[in-house]
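# Fold and contact review
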Amino acid sequence: MSLKSKLHDLKEKYKRKKMAPAFNALHTFLYLPNEVTHNGTHIKAADDLKRTMNTVIMALVPCLIFGMYNAGYQHYLAQGMIESANGFLGASFWTIDNLLIGAWTILPLVAVSYGVGLAVEFLFAVIKGHEVEEGYLVTGMLVPLIVPVDIPLWMLAVAVIFGVVIGKEVFGGTGMNILNPALTIRAFLFFAYPTWMSGDKVWVHGAVERDQMIAAGQSNLDAISGETILGSYAQNSTVAYDYWDMFWGLIPGSVGETSKFLIIIGALFLIFTKIGSWRIMLSTVVGALVMGLIFNGVVDAGIITDSSKFYGLMSVPFWQHLIIGSILFGAVFMATDPVTASQTNKGKWIYGFLIGFISIMIRVFNPAYPEGVFLAILLMNVFAPTIDHYVVQGNVKKRMKRLKVKAA
(Lines give C-alpha, C1' and ligand atoms only; values in the text may rest on other atoms or scores of the structure.)
Protein backbone atom coordinates (compact mmCIF):
# COMPACT_ATOMS: atom_id res chain seq x y z
CA MET A 1 0.00 0.00 0.00
CA SER A 2 1.38 3.41 -0.96
CA LEU A 3 2.02 6.21 1.53
CA LYS A 4 -0.79 8.24 -0.01
CA SER A 5 -3.26 5.39 0.47
CA LYS A 6 -2.18 4.90 4.09
CA LEU A 7 -2.63 8.58 4.82
CA HIS A 8 -6.02 8.54 3.16
CA ASP A 9 -7.12 5.57 5.30
CA LEU A 10 -5.90 7.29 8.47
CA LYS A 11 -7.74 10.45 7.50
CA GLU A 12 -10.99 8.54 6.96
CA LYS A 13 -10.52 6.63 10.21
CA TYR A 14 -9.95 9.69 12.35
CA LYS A 15 -11.99 12.31 10.51
CA ARG A 16 -14.55 12.37 13.33
CA LYS A 17 -11.88 12.25 16.00
CA LYS A 18 -10.19 15.11 17.80
CA MET A 19 -6.93 14.62 15.88
CA ALA A 20 -8.60 14.98 12.49
CA PRO A 21 -7.13 18.48 11.86
CA ALA A 22 -3.61 17.13 12.37
CA PHE A 23 -4.08 14.28 9.90
CA ASN A 24 -5.79 16.57 7.40
CA ALA A 25 -2.92 19.05 7.63
CA LEU A 26 -0.31 16.34 6.98
CA HIS A 27 -2.29 14.95 4.05
CA THR A 28 -2.82 18.40 2.51
CA PHE A 29 0.83 19.35 2.99
CA LEU A 30 2.05 16.29 1.07
CA TYR A 31 -0.70 16.13 -1.54
CA LEU A 32 -3.49 18.19 -3.06
CA PRO A 33 -6.68 18.41 -0.97
CA ASN A 34 -9.28 15.72 -1.64
CA GLU A 35 -12.08 18.29 -1.45
CA VAL A 36 -13.05 19.61 -4.89
CA THR A 37 -15.84 21.85 -6.16
CA HIS A 38 -18.77 19.82 -7.46
CA ASN A 39 -21.01 22.66 -8.63
CA GLY A 40 -20.38 25.50 -11.04
CA THR A 41 -17.90 28.12 -9.87
CA HIS A 42 -17.66 31.81 -10.69
CA ILE A 43 -13.84 31.95 -10.76
CA LYS A 44 -11.37 29.17 -11.46
CA ALA A 45 -7.68 29.61 -10.68
CA ALA A 46 -4.67 27.37 -10.16
CA ASP A 47 -3.42 29.16 -7.06
CA ASP A 48 -4.50 28.57 -3.46
CA LEU A 49 -3.22 29.57 -0.03
CA LYS A 50 -0.54 26.89 0.03
CA ARG A 51 0.81 27.85 -3.41
CA THR A 52 0.79 31.52 -2.45
CA MET A 53 2.78 30.82 0.71
CA ASN A 54 5.24 28.62 -1.19
CA THR A 55 5.80 31.42 -3.71
CA VAL A 56 6.78 33.81 -0.93
CA ILE A 57 9.08 31.19 0.58
CA MET A 58 10.79 30.77 -2.80
CA ALA A 59 11.47 34.52 -2.79
CA LEU A 60 12.93 34.26 0.73
CA VAL A 61 15.21 31.25 0.18
CA PRO A 62 18.00 33.24 -1.57
CA CYS A 63 18.09 35.64 1.40
CA LEU A 64 18.30 32.66 3.76
CA ILE A 65 21.19 31.03 1.88
CA PHE A 66 23.07 34.31 1.61
CA GLY A 67 22.46 34.89 5.32
CA MET A 68 24.23 31.61 6.03
CA TYR A 69 27.22 32.65 3.91
CA ASN A 70 27.37 36.08 5.49
CA ALA A 71 27.08 34.72 9.04
CA GLY A 72 30.12 32.54 8.48
CA TYR A 73 31.97 35.34 6.68
CA GLN A 74 31.37 37.84 9.51
CA HIS A 75 32.41 35.22 12.09
CA TYR A 76 35.75 34.43 10.47
CA LEU A 77 36.38 38.07 9.55
CA ALA A 78 35.85 39.25 13.13
CA GLN A 79 38.21 36.57 14.45
CA GLY A 80 40.90 37.62 12.00
CA MET A 81 40.96 34.22 10.28
CA ILE A 82 40.21 35.74 6.85
CA GLU A 83 40.69 39.14 5.29
CA SER A 84 38.02 41.38 3.85
CA ALA A 85 36.45 40.01 0.68
CA ASN A 86 37.14 43.30 -1.15
CA GLY A 87 33.70 43.26 -2.72
CA PHE A 88 31.07 40.71 -3.56
CA LEU A 89 33.42 38.65 -5.76
CA GLY A 90 36.25 38.54 -3.23
CA ALA A 91 37.77 35.11 -2.66
CA SER A 92 37.52 35.41 1.13
CA PHE A 93 33.73 35.39 0.95
CA TRP A 94 33.18 32.42 -1.35
CA THR A 95 34.60 29.71 0.89
CA ILE A 96 32.64 26.62 1.88
CA ASP A 97 33.56 27.14 5.54
CA ASN A 98 31.48 30.32 5.58
CA LEU A 99 28.40 28.42 4.45
CA LEU A 100 29.00 25.56 6.88
CA ILE A 101 29.36 27.71 9.98
CA GLY A 102 26.40 29.80 8.90
CA ALA A 103 24.20 26.77 8.25
CA TRP A 104 25.22 25.24 11.59
CA THR A 105 24.06 28.44 13.31
CA ILE A 106 20.97 29.44 11.31
CA LEU A 107 19.27 26.13 10.46
CA PRO A 108 18.47 25.49 14.16
CA LEU A 109 16.67 28.87 14.17
CA VAL A 110 14.57 27.72 11.21
CA ALA A 111 13.85 24.37 12.87
CA VAL A 112 12.74 25.97 16.15
CA SER A 113 10.64 28.57 14.35
CA TYR A 114 8.75 26.00 12.31
CA GLY A 115 8.63 23.32 15.01
CA VAL A 116 7.25 25.52 17.78
CA GLY A 117 5.02 27.62 15.53
CA LEU A 118 3.38 24.67 13.79
CA ALA A 119 2.96 22.86 17.13
CA VAL A 120 0.94 25.83 18.42
CA GLU A 121 -1.07 25.91 15.17
CA PHE A 122 -1.84 22.18 15.45
CA LEU A 123 -2.78 22.54 19.12
CA PHE A 124 -5.28 25.33 18.44
CA ALA A 125 -6.69 23.43 15.46
CA VAL A 126 -7.31 20.35 17.58
CA ILE A 127 -8.80 22.32 20.47
CA LYS A 128 -11.08 24.43 18.25
CA GLY A 129 -11.82 21.62 15.78
CA HIS A 130 -10.92 23.54 12.62
CA GLU A 131 -8.48 22.75 9.84
CA VAL A 132 -4.79 23.70 10.14
CA GLU A 133 -4.17 26.63 7.81
CA GLU A 134 -0.98 27.36 5.89
CA GLY A 135 -0.57 30.87 7.25
CA TYR A 136 2.49 30.02 9.34
CA LEU A 137 4.52 28.71 6.41
CA VAL A 138 5.77 32.20 5.55
CA THR A 139 5.95 33.40 9.15
CA GLY A 140 8.13 30.43 10.05
CA MET A 141 10.62 31.44 7.36
CA LEU A 142 10.51 35.16 8.13
CA VAL A 143 11.24 34.83 11.84
CA PRO A 144 14.81 33.42 11.50
CA LEU A 145 15.61 36.10 8.91
CA ILE A 146 14.76 39.07 11.16
CA VAL A 147 16.66 38.08 14.32
CA PRO A 148 20.36 38.17 15.25
CA VAL A 149 22.30 35.06 14.32
CA ASP A 150 23.09 34.01 17.91
CA ILE A 151 19.68 34.53 19.52
CA PRO A 152 19.24 31.70 22.09
CA LEU A 153 16.87 29.04 20.84
CA TRP A 154 14.76 29.04 24.00
CA MET A 155 14.17 32.78 23.64
CA LEU A 156 13.09 32.27 20.05
CA ALA A 157 10.72 29.47 21.10
CA VAL A 158 9.09 31.64 23.79
CA ALA A 159 8.72 34.53 21.34
CA VAL A 160 7.18 32.29 18.66
CA ILE A 161 4.60 30.98 21.12
CA PHE A 162 3.74 34.54 22.14
CA GLY A 163 3.57 35.77 18.54
CA VAL A 164 1.37 32.95 17.26
CA VAL A 165 -1.01 32.97 20.24
CA ILE A 166 -1.29 36.72 20.88
CA GLY A 167 -0.58 37.95 17.36
CA LYS A 168 -2.86 35.58 15.46
CA GLU A 169 -4.84 32.88 17.27
CA VAL A 170 -6.63 35.19 19.69
CA PHE A 171 -8.01 37.07 16.67
CA GLY A 172 -9.34 33.90 15.07
CA GLY A 173 -6.35 32.50 13.16
CA THR A 174 -5.01 33.07 9.66
CA GLY A 175 -6.74 35.90 7.83
CA MET A 176 -8.20 37.45 10.99
CA ASN A 177 -5.10 38.90 12.66
CA ILE A 178 -4.54 42.67 12.67
CA LEU A 179 -0.78 42.48 13.39
CA ASN A 180 1.91 40.77 11.35
CA PRO A 181 2.80 37.65 13.42
CA ALA A 182 6.50 37.70 12.48
CA LEU A 183 6.84 41.32 13.55
CA THR A 184 4.91 40.60 16.73
CA ILE A 185 7.52 37.94 17.51
CA ARG A 186 10.37 40.36 16.85
CA ALA A 187 8.75 43.10 18.94
CA PHE A 188 8.39 40.66 21.84
CA LEU A 189 12.06 39.71 21.58
CA PHE A 190 13.17 43.34 21.48
CA PHE A 191 11.20 44.46 24.53
CA ALA A 192 11.58 41.24 26.56
CA TYR A 193 15.27 40.56 25.80
CA PRO A 194 16.75 43.88 24.60
CA THR A 195 20.39 42.92 25.23
CA TRP A 196 20.05 40.09 22.70
CA MET A 197 18.47 42.31 20.05
CA SER A 198 20.78 45.33 20.02
CA GLY A 199 24.38 46.30 20.62
CA ASP A 200 27.60 45.50 18.79
CA LYS A 201 28.01 41.82 19.78
CA VAL A 202 24.78 40.03 18.88
CA TRP A 203 25.21 40.35 15.10
CA VAL A 204 28.37 38.22 14.80
CA HIS A 205 28.36 34.50 15.61
CA GLY A 206 30.38 33.69 18.71
CA ALA A 207 30.92 37.29 19.83
CA VAL A 208 28.96 37.06 23.09
CA GLU A 209 30.62 33.80 24.20
CA ARG A 210 34.04 35.14 23.34
CA ASP A 211 33.51 38.33 25.35
CA GLN A 212 32.38 36.23 28.31
CA MET A 213 35.60 34.20 28.09
CA ILE A 214 37.68 37.39 27.96
CA ALA A 215 35.87 38.84 30.97
CA ALA A 216 36.52 35.62 32.90
CA GLY A 217 40.22 35.70 31.99
CA GLN A 218 39.98 32.53 29.93
CA SER A 219 41.18 34.20 26.73
CA ASN A 220 43.61 36.97 25.87
CA LEU A 221 42.15 37.60 22.40
CA ASP A 222 40.61 40.91 21.45
CA ALA A 223 36.84 41.22 21.72
CA ILE A 224 34.81 40.98 18.53
CA SER A 225 33.18 44.16 17.34
CA GLY A 226 30.24 43.63 15.01
CA GLU A 227 28.26 46.83 15.25
CA THR A 228 25.76 47.44 12.48
CA ILE A 229 26.02 50.46 10.19
CA LEU A 230 22.95 52.01 11.82
CA GLY A 231 24.55 51.58 15.22
CA SER A 232 27.74 53.23 14.02
CA TYR A 233 25.89 56.21 12.57
CA ALA A 234 23.73 56.55 15.69
CA GLN A 235 26.88 56.69 17.84
CA ASN A 236 28.62 59.08 15.42
CA SER A 237 31.28 56.44 14.80
CA THR A 238 33.25 55.84 11.62
CA VAL A 239 31.61 53.38 9.22
CA ALA A 240 34.08 50.84 7.87
CA TYR A 241 31.94 49.60 4.97
CA ASP A 242 31.57 51.03 1.48
CA TYR A 243 28.35 51.35 -0.47
CA TRP A 244 28.89 48.13 -2.42
CA ASP A 245 29.32 46.16 0.83
CA MET A 246 25.98 47.59 1.95
CA PHE A 247 24.29 46.73 -1.36
CA TRP A 248 25.62 43.18 -1.71
CA GLY A 249 25.17 42.46 2.01
CA LEU A 250 28.70 41.96 3.36
CA ILE A 251 27.79 43.70 6.62
CA PRO A 252 26.62 42.67 10.11
CA GLY A 253 22.87 42.58 10.65
CA SER A 254 19.88 40.31 10.99
CA VAL A 255 20.17 37.06 9.04
CA GLY A 256 18.13 37.96 5.95
CA GLU A 257 18.15 41.75 5.83
CA THR A 258 21.69 42.52 4.65
CA SER A 259 21.68 41.72 0.91
CA LYS A 260 19.69 44.47 -0.79
CA PHE A 261 20.42 42.87 -4.18
CA LEU A 262 18.62 39.63 -3.27
CA ILE A 263 15.78 41.55 -1.62
CA ILE A 264 15.22 43.45 -4.89
CA ILE A 265 15.27 40.15 -6.82
CA GLY A 266 12.69 38.79 -4.39
CA ALA A 267 10.56 41.91 -4.84
CA LEU A 268 10.58 41.54 -8.63
CA PHE A 269 9.63 37.87 -8.29
CA LEU A 270 6.70 38.67 -5.98
CA ILE A 271 5.51 41.44 -8.31
CA PHE A 272 5.79 39.16 -11.35
CA THR A 273 3.77 36.43 -9.63
CA LYS A 274 1.26 39.08 -8.42
CA ILE A 275 1.73 38.01 -4.81
CA GLY A 276 3.28 41.22 -3.48
CA SER A 277 1.82 44.70 -3.98
CA TRP A 278 4.15 46.94 -5.98
CA ARG A 279 2.19 49.95 -4.77
CA ILE A 280 3.10 49.24 -1.14
CA MET A 281 6.75 48.51 -1.99
CA LEU A 282 7.18 51.64 -4.10
CA SER A 283 5.31 53.95 -1.73
CA THR A 284 7.34 52.70 1.24
CA VAL A 285 10.57 53.53 -0.61
CA VAL A 286 9.20 56.94 -1.59
CA GLY A 287 8.17 57.68 2.00
CA ALA A 288 11.63 56.78 3.28
CA LEU A 289 13.32 58.96 0.65
CA VAL A 290 11.05 61.93 1.42
CA MET A 291 11.77 61.75 5.14
CA GLY A 292 15.49 61.40 4.42
CA LEU A 293 15.36 64.44 2.13
CA ILE A 294 13.64 66.47 4.85
CA PHE A 295 16.38 65.67 7.35
CA ASN A 296 19.10 66.42 4.79
CA GLY A 297 17.37 69.72 4.01
CA VAL A 298 17.29 70.65 7.69
CA VAL A 299 21.05 70.12 7.91
CA ASP A 300 21.83 71.82 4.58
CA ALA A 301 19.70 74.86 5.47
CA GLY A 302 21.76 75.42 8.58
CA ILE A 303 18.84 74.93 10.96
CA ILE A 304 21.08 72.42 12.70
CA THR A 305 24.69 73.41 12.11
CA ASP A 306 26.25 70.24 13.49
CA SER A 307 23.98 67.23 13.24
CA SER A 308 26.56 65.02 14.97
CA LYS A 309 25.74 66.77 18.25
CA PHE A 310 22.09 65.85 17.86
CA TYR A 311 21.32 62.88 15.66
CA GLY A 312 24.08 61.15 13.74
CA LEU A 313 21.68 59.69 11.18
CA MET A 314 20.23 63.08 10.24
CA SER A 315 23.06 63.93 7.84
CA VAL A 316 23.18 60.49 6.17
CA PRO A 317 22.44 60.92 2.42
CA PHE A 318 18.73 60.27 1.92
CA TRP A 319 19.26 57.48 -0.63
CA GLN A 320 21.67 55.64 1.66
CA HIS A 321 18.84 54.87 4.08
CA LEU A 322 17.66 52.26 1.57
CA ILE A 323 20.86 50.20 1.70
CA ILE A 324 21.40 50.25 5.46
CA GLY A 325 19.15 48.48 7.91
CA SER A 326 15.93 46.64 7.13
CA ILE A 327 13.81 49.19 5.29
CA LEU A 328 13.88 47.27 1.98
CA PHE A 329 13.30 43.89 3.61
CA GLY A 330 10.35 45.27 5.55
CA ALA A 331 8.90 46.97 2.47
CA VAL A 332 9.05 43.80 0.34
CA PHE A 333 8.26 40.95 2.73
CA MET A 334 6.53 42.52 5.73
CA ALA A 335 4.52 45.56 4.68
CA THR A 336 2.96 43.64 1.78
CA ASP A 337 1.30 41.04 4.01
CA PRO A 338 -2.19 40.86 2.41
CA VAL A 339 -3.92 40.25 5.74
CA THR A 340 -2.56 43.18 7.74
CA ALA A 341 -1.97 45.71 4.93
CA SER A 342 -4.45 48.09 3.34
CA GLN A 343 -6.71 46.50 0.72
CA THR A 344 -7.71 49.48 -1.45
CA ASN A 345 -5.32 50.77 -4.12
CA LYS A 346 -5.29 54.34 -2.80
CA GLY A 347 -5.00 52.99 0.73
CA LYS A 348 -1.91 51.00 -0.25
CA TRP A 349 -0.18 54.19 -1.40
CA ILE A 350 -0.99 55.95 1.87
CA TYR A 351 -0.15 52.89 3.99
CA GLY A 352 3.23 52.30 2.36
CA PHE A 353 4.22 55.97 2.31
CA LEU A 354 3.57 56.33 6.04
CA ILE A 355 5.57 53.19 6.79
CA GLY A 356 8.65 54.55 5.00
CA PHE A 357 8.17 58.05 6.43
CA ILE A 358 7.78 56.87 10.04
CA SER A 359 10.60 54.32 9.71
CA ILE A 360 13.21 56.99 8.95
CA MET A 361 11.75 59.29 11.60
CA ILE A 362 12.20 56.59 14.28
CA ARG A 363 15.63 55.74 12.90
CA VAL A 364 16.87 59.33 13.27
CA PHE A 365 15.16 60.43 16.48
CA ASN A 366 15.75 57.29 18.53
CA PRO A 367 19.49 56.42 18.53
CA ALA A 368 18.82 53.66 21.09
CA TYR A 369 16.70 51.89 18.47
CA PRO A 370 17.86 53.14 15.06
CA GLU A 371 15.98 50.47 13.11
CA GLY A 372 12.37 51.64 13.12
CA VAL A 373 10.82 49.85 10.15
CA PHE A 374 9.32 47.00 12.17
CA LEU A 375 7.68 49.35 14.66
CA ALA A 376 6.40 51.49 11.80
CA ILE A 377 4.83 48.49 10.05
CA LEU A 378 3.15 47.30 13.27
CA LEU A 379 1.79 50.80 13.83
CA MET A 380 0.38 50.99 10.32
CA ASN A 381 -1.07 47.47 10.64
CA VAL A 382 -3.32 48.93 13.32
CA PHE A 383 -4.35 51.89 11.16
CA ALA A 384 -4.73 50.00 7.85
CA PRO A 385 -8.49 49.32 8.36
CA THR A 386 -9.02 53.01 9.18
CA ILE A 387 -7.19 54.08 6.02
CA ASP A 388 -9.34 51.73 3.91
CA HIS A 389 -12.50 52.95 5.63
CA TYR A 390 -11.88 56.59 4.71
CA VAL A 391 -10.77 55.67 1.18
CA VAL A 392 -14.02 53.76 0.64
CA GLN A 393 -16.08 56.57 2.18
CA GLY A 394 -14.32 59.06 -0.09
CA ASN A 395 -15.16 56.95 -3.14
CA VAL A 396 -18.81 56.71 -2.05
CA LYS A 397 -19.06 60.50 -1.67
CA LYS A 398 -17.55 61.07 -5.13
CA ARG A 399 -20.03 58.69 -6.73
CA MET A 400 -22.92 60.28 -4.89
CA LYS A 401 -21.85 63.71 -6.20
CA ARG A 402 -21.69 62.33 -9.76
CA LEU A 403 -25.18 60.87 -9.39
CA LYS A 404 -26.54 64.20 -8.12
CA VAL A 405 -24.95 66.02 -11.07
CA LYS A 406 -26.47 63.57 -13.57
CA ALA A 407 -29.86 63.76 -11.87
CA ALA A 408 -29.79 67.56 -12.08
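Basis of the calculations
- Residues numbered from 1 in each chain as written.
- Predicted model: local features only at pLDDT ≥ 70, side-chain atom pairs only at ≥ 80, totals over all residues.
- Heavy atoms only, no water.
- Core = buried A, V, L, I, M, F, W, Y, C linked by side-chain atoms within 4.5 Å.
- Buried < 20%, exposed > 50% of the residue type's maximum accessible area, 1.4 Å probe, protein only.
- Helix = DSSP H or I, 4+ residues; strand = E, 2+ residues; numbered from the N terminus.
- Contact = heavy atoms within 4.5 Å.
- pLDDT = per-residue confidence, 0-100.
- Axes fitted to C-alpha atoms, helices over the stretch in contact; angles between N-to-C directions.
- Parallel < 35°, antiparallel > 145°, perpendicular 65-115°, else oblique.
- Left-handed = near helix turned anticlockwise from the far one by under 90°.
- Nonpolar A, V, L, I, M, F, W, Y, C, P; charged D, E, K, R; others polar.

## Concerning the nonpolar core
In globular proteins that are soluble, nonpolar side chains generally tend to be buried together. Grouped together as the largest cluster of nonpolar side chains are 95 residues, with contacts concentrated most on Leu-60, Leu-189, Phe-329, Phe-333, Met-334 and Tyr-351. Per-element tally for this core: the top contributor is helix H3 (residues 49-78), with 11 residues. The residues contacting Phe-329, other than those within four sequence positions of it, are Leu-60, Leu-142, Leu-145, Ile-146, Gly-256, Glu-257, Ile-263 and Met-334.

## Focus on the confidence of the model for the protein chain
Per-residue confidence for the protein chain averages 80 on the pLDDT scale, and 74% of its residues sit at or above 70. Here helix H8 (residues 207-215) stands out as the element of the protein chain with the lowest mean pLDDT, 52, in contrast to helix H11 (residues 260-272), whose mean of 95 is the highest.

## Notes on the packing of H11 against helix H13 (residues 327-334)
Direction vectors running N to C along H11 and H13 enclose 20°, while the axes themselves pass 10 Å from each other. By the angle between their directions, the pair H11 and H13 is classed as roughly parallel. As for how H11 packs across H13, the hand of that crossing is left-handed. Residues Lys-260, Ile-263, Ile-264, Gly-266, Ala-267 and Leu-270 of H11 form the contact with H13, whose participating residues are Leu-328, Phe-329, Val-332 and Phe-333. Its residues assigned to classes, the contact of H11 with H13 comprises eight nonpolar, one polar and one charged.

## With respect to the environment of Gly-67
For Gly-67, the location among the structural elements is in helix H3. Separated by 82 residues in sequence, Gly-67 and Val-149 have C-alpha atoms that sit 9.0 Å apart. Non-local contacts of Gly-67, meaning those with residues more than four positions away in its chain, are made with Ile-106 and Val-255.

## Focus on the packing of helix H14 (residues 345-365) against helix H15 (residues 373-407)
Packed helices, taken two at a time, are described by the angle between their axes plus the distance between the axes. Running from N to C, H14 and H15 point in directions that differ by 150°, and their axes come no closer than 8 Å. Classed by the angle they form, the pair H14 and H15 counts as roughly antiparallel. In the crossing of H14 with H15, the sense of the turn from one axis to the other is right-handed. Two secondary-structure elements touch here, H14 through Lys-346, Gly-347, Ile-350, Tyr-351, Leu-354, Ile-355, Ile-358, Ser-359 and Ile-362 and H15 through Val-373, Leu-375, Ala-376, Ile-377, Leu-379, Met-380, Asn-381, Ala-384, Ile-387, Asp-388, Val-391 and Lys-398. Its residues assigned to classes, the contact of H14 with H15 comprises 15 nonpolar, three polar and three charged.

## Quick look at unusual backbone geometry
Glycine aside, residues mostly have negative phi, and peptide bonds are mostly found in the trans state. Phi at Lys-274 is positive, roughly 60°, even though this residue is not glycine. In this fold, Lys-274 is placed in the loop between H11 and helix H12 (278-300). Take Lys-274: its relative accessible area is 75%, and that puts it in the exposed class.

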